Amino acid sequence: MGKKELVVSAIENGTVIDHIPAKSVFRVVKMLNLEDNQTQVTIGFNLDSRKYGKKGIIKVSNMFFEKRDINKIALIAPKATLIVIKNYKVVEKLNVEIPDIIRKFVKCVNPNCITNHQQVSTQFDVIDKDELKLQCHYCEKITAKNNIEIL
Ligand code: ZN
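Residues numbered from 1 in each chain as written. Predicted model: local features only at pLDDT ≥ 70, side-chain atom pairs only at ≥ 80, totals over all residues. Heavy atoms only, no water.

Take the sheet that holds strand 7 (residues 123-128) next. In spatial order, the strands read 6-7-8-9; together these four strands make up an open sheet with antiparallel pairing. Each edge of the open sheet carries a strand with a single partner, namely strand 6 (101-103) and strand 9 (142-144). Taking each pair of neighbouring strands and ignoring which way they run, the sheet shows an average axis angle of 35°. (Pairing = 2+ DSSP bridges. Helix = DSSP H or I, 4+ residues; strand = E, 2+ residues; numbered from the N terminus. Axes fitted to C-alpha atoms, helices over the stretch in contact; angles between N-to-C directions.)

Rendered as structure tokens:
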């Protein structure tokens, strides 16, 4: 088996998350709680990519992701591609998308925000998808790319 084949070696059923910036691979792993999972996960990074220079890839056997999880991935890997595999065949291929509204899974940057003190789920309007700026629905403070903390 050649080097290239090893990199893209097939899984029977599951999801391949491709085109992750190499430096964000482990954040995605953590975000999706893959470490706590019993399923088989293959991680590759610093792979050559035309899109990125260096990219990462995560292959997860027997797991399929909900829209909510897909949206999470978009926050740290906005150009990621999800490939759904069933019976060794690609059945779906989709680009992750930063949603217009983000609920629950990002922490508000403002320490005085009600969402940091009470049982209130965070909610943000995405006001800039390129720069990734999220405006809190409650306190109106901006949580930006550099200080996004995933709950
Ligand atoms: Zn807030």
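This brings us to the sheet that holds strand 4 (residues 81-86). Working definition: the strands of a sheet are paired by backbone hydrogen bonds and lie parallel or antiparallel to each other. If you trace the five strands from one edge of the open sheet to the other, you get 2-3-1-4-5, paired in antiparallel fashion. The open sheet terminates on both sides in strands that have one partner only, identified here as strand 2 (41-49) and strand 5 (89-95). For this sheet the average axis-to-axis angle between neighbouring strands, irrespective of direction, equals 20°. One ladder, built from six bridges, connects strand 4 with strand 5; its direction is antiparallel. Within strand 5, the position partnered with K86 by the bridge is K89.

What follows covers a positive patch on the surface. Taken together, the side chains of K23, R27, K30, K79 and K145 present a region of like positive charge at the surface. Along the chain, the position of R27 falls in helix 2 (residues 25-31). We classify R27 as partly exposed; its relative accessible area is 44%. (Patch = residues over 30% accessible without salt bridge, like charges linked within 9 Å, V, L, I, M, F, W, Y side chains within 5 Å. Areas by Shrake-Rupley, 256 points an atom, 1.4 Å probe, with all protein chains shown as cover. Salt bridge = Lys/Arg side-chain N within 4 Å of Asp/Glu carboxyl O. Lys, Arg positive; Asp, Glu negative; His and termini not counted. Charge placed at Lys NZ, Arg CZ, Asp CG, Glu CD. Buried < 20%, exposed > 50% of the residue type's maximum accessible area, 1.4 Å probe, protein only.)

Bringing the nonpolar core into the picture now. Grouped burial of nonpolar side chains is what soluble globular proteins tend to show. One finds I17, I58, F65 and I73 to be the most contacted residues of the largest nonpolar core, which totals 33 residues. Going through the elements one at a time, strand 1 (14-21), helix 2, strand 3 (53-61), helix 3 (67-76), strand 7 and strand 8 (133-136) are the ones with two or more residues in this core. Sequence-distant contacts of I17, defined by excluding residues within four places in its chain, comprise V28, L32, G56, I57, I58, F65, I73, A80, T81 and L82. Formed by six residues, the second largest nonpolar core is a distinct cluster that contains I11, L47, I83 and I85. (Core = buried A, V, L, I, M, F, W, Y, C linked by side-chain atoms within 4.5 Å. Contact = heavy atoms within 4.5 Å.)

To continue, consider the pairing of strand 7. Inspection of the sheet shows strand 6 paired to strand 7 by three bridges, in the antiparallel sense. Its bridge partner lying in strand 7, I102 is registered against F124. Pairing of strand 7 with strand 8, which is carried by four bridges, proceeds in the antiparallel orientation. The residue of strand 8 that forms the bridge with F124 is C136.

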